[in-house]
Amino acid sequence: MTTINPYASTYAPGLTAGQTAAQRANQASVPGQTRDQSPTINTPAVNVTLSPAAQAALKAQTDSRSIDAVIADAKSQIAARLKAAGAASALSNGNSTIDLSDMDRRTLYAVASNQGGGFSTDQQVVAALGMRDQRDQALASPAAQARLTGDYASLYQAALDQMDAAGPEEKATSAWSDQRAALVEGRKQALARPGLAPSGIANDSVAAYMKDTGSVVAGAKTRDFGKVATDVRAALDKQYSLATQPTAAKDGQSGDIDFSRFDDRSLSAVALNQDDQFSGHEVAQAKAEVRARDSAAIQSDYQSSSQDPSSFGQALITRYAGMTTEERQAAGWTPAVYDKIVQLQNASEKLAQMFNANGAPGTTAGPPSLLDYM
């Protein structure tokens, strides 16, 4: 019998939107009820179809692998994928050479957090991007429904299911506990105030996701850049026609332009102005917004790395690798800047190795010196 997730005690018993995947599956397994082998759980009264995230969370409950086994499997998979891609590194000029997003969350976390100390920075970065991709895939559909119908409770439940797919190593961290507590509070607010987005919650990853992807331009991350610019032009013109605040822009020539509803690639379309669709005033304000967002992201990364300074460089590399070409251009993240970040990160790692070294047992050489790494 599947063990119920101990982190799920917040939820009330019974088949509700607040149950974890394990609870929903277990309810279908009690005497007198049947459960087939499909993702759909059958009971006499109700059929519950688990989302891919909920299925992953349920599978995580029965993962009995040791962390050494997880690490070994991750290394084996990465080596095989690098060989198949004909690549020596998981990153090339800041771009992924392999895709790890189909790995289970526990394996991805082992790589991203460098469990065992055997994963290179480029592998950690690609694994972190894989975790982000899994989150985006899990939240994309319920987020779209939430924007359309105001059903934020289901969105937060989807995020909880995705969080519950984590392994014991990730669940032991304060970051996981803080984020999960924020999601529980968000779902609580969503149930208490249907139709309203939860707010004022620290560590709310759903709110951050909604802000990052809350663009008025559909498919902005993947569509032809010229078409994105055309959609942004139409959205700005509509915004001007509806503006009522005295300082708000009524046209593209003056006033404060609200870019908060545009994702980074859409914003880049204005800042780069490749097809001359935007005025000088619009371009200037878009560039200022790009700088402000970039500065805020870097500051957040720096603050998050206070316990591990070497992770700051890794966060910057991850940020670069997660950007589109246009976003890099608009923010000034050139290949030369990327190369410098990689150099500094490599130096940071070498210094960390030197100062953490105790010397090899049975030798008289002692710890390595700085010259050994030069």
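The secondary structure content of the chain amounts to 15 helices and 4 strands. Going through the 374 residues of the chain one by one, you find that 40% of them count as buried. Restricting the contact set of the chain to residue pairs at least 6 apart, pairs at least 24 apart contribute 59%. Total accessible area on the chain is roughly 19500 Å²; 53% of this is exposed by carbon and sulfur atoms.

In the contact formed by helix H12 (residues 280–304) and helix H13 (residues 310–321), the axes pass within 9 Å of each other and the chain directions differ by 145°. As for the relative orientation of H12 and H13, their crossing is right-handed in sense. Residues Arg293, Asp294, Ala297, Ile298, Asp301 and Tyr302 of H12 touch H13, and the partners they reach there are Phe312, Ala315, Leu316 and Arg319. A breakdown of the residues in the contact of H12 with H13 according to their chemical character gives 6 nonpolar, no polar and 4 charged.

Time to look at helix H6 (residues 152–163). Between its terminal C-alpha atoms H6 stretches 16 Å, which fits the 16 Å expected from 12 residues at 1.5 Å a residue. Taken across its 12 residues, H6 has 11 buried, putting it largely inside the fold.

Formed by 27 residues in total, the largest nonpolar core has its most connected members in Ile78, Leu91, Ile98 and Leu100. Secondary structure elements with two or more residues in this core: helix H3 (67–85), helix H4 (105–112), helix H5 (121–149), H13 and helix H15 (335–356). The leading source of residues in this core is H5, at 5 residues. Residue contacts for Ile78: discarding those within four places in its chain leaves Ile98, Leu100, Met103, Val111, Phe119 and Gln123. One finds Ala249, Ile257, Ala271 and Val283 within the second-largest nonpolar core, a separate group that totals 21 residues.

In a pair of packed helices, the angle between the axes and the distance between the axes together describe the arrangement. Two numbers describe how H5 lies on H13: the axes approach to 9 Å, and their chain directions differ by 55°. With respect to each other, H5 and H13 are oriented oblique. The hand of the H5/H13 crossing is right-handed. Contact with H5, carried on its side by Thr121, Gln124, Val125, Ala128 and Leu129, involves Gln314, Ile317, Thr318 and Ala321 of H13 and no other residues of that element.

Right, let's talk about the confidence of the model for the chain for a bit. Looking at the chain, the pLDDT average stands at 83 and 77% of residues meet or exceed 70. The lowest-confidence element of the chain is strand S1 (residues 40–42), averaging 50 in pLDDT; the highest-confidence one is H3, averaging 97. In this model residues 1–18 is a low-confidence stretch, pLDDT under 50, and it forms 45 contacts with partners more than four residues away in sequence or in other chains. Within the model, the stretch residues 27–38 combines pLDDT values under 50 with 18 contacts to residues more than four positions away or in other chains.

Turning our attention to the packing of aromatic side chains. The full count for this structure, using the stated rule, is 4 aromatic pairs. Aromatic pair Tyr302 and Phe312: ring centres 5.3 Å apart, planes at 80°, arrangement edge-to-face. Taken together, the residues Tyr302 in helix H12 and Phe312 in helix H13 connect sequence positions 10 residues apart. Among the residues examined, Phe312 registers a relative accessible area of 22% and is labelled partly exposed. Aromatic rings pair up to connect Tyr320, Trp333 and Tyr338 into one cluster. Between Lys75 and the ring centre of Phe119, over which it is positioned, the NZ or CZ distance is 5.7 Å.

By the definition in use, this model includes 17 salt bridges. For Glu170, the salt bridge identified is with Arg105, shortest N-O distance 2.6 Å. Taken together, the positions of Glu170 in helix H7 (residues 168–171) and Arg105 in helix H4 put the pair 65 residues apart, joining distant regions of the chain. Here Arg105 falls in the buried class, since its relative accessible area comes to 9%. The shortest N-O distance in the salt bridge between Arg233 and Glu282 comes to 2.7 Å. Note that Arg233 is positioned in helix H10 (residues 225–242) and Glu282 in helix H12, a separation of 49 residues in sequence. In this pair, the class of Arg233 matches that of Glu282, namely buried. A cluster of three or more residues bridged by salt bridges with shared partners is formed by Asp63, Arg65, Asp73, Asp104, Arg106 and Glu169.

Definitions and cut-offs
Residues numbered from 1 in each chain as written. Predicted model: local features only at pLDDT ≥ 70, side-chain atom pairs only at ≥ 80, totals over all residues. Heavy atoms only, no water. Helix = DSSP H or I, 4+ residues; strand = E, 2+ residues; numbered from the N terminus. Buried < 20%, exposed > 50% of the residue type's maximum accessible area, 1.4 Å probe, protein only. Contact = heavy atoms within 4.5 Å. Areas by Shrake-Rupley, 256 points an atom, 1.4 Å probe, with all protein chains shown as cover. Axes fitted to C-alpha atoms, helices over the stretch in contact; angles between N-to-C directions. Left-handed = near helix turned anticlockwise from the far one by under 90°. Nonpolar A, V, L, I, M, F, W, Y, C, P; charged D, E, K, R; others polar. Expected span 1.5 Å × (residues − 1). Core = buried A, V, L, I, M, F, W, Y, C linked by side-chain atoms within 4.5 Å. Parallel < 35°, antiparallel > 145°, perpendicular 65-115°, else oblique. pLDDT = per-residue confidence, 0-100. Phe/Tyr/Trp six-rings, centres within 6.5 Å; stacked < 30°, edge-to-face > 60°. Lys NZ or Arg CZ within 6 Å of the ring centre and 35° of its normal. Salt bridge = Lys/Arg side-chain N within 4 Å of Asp/Glu carboxyl O.

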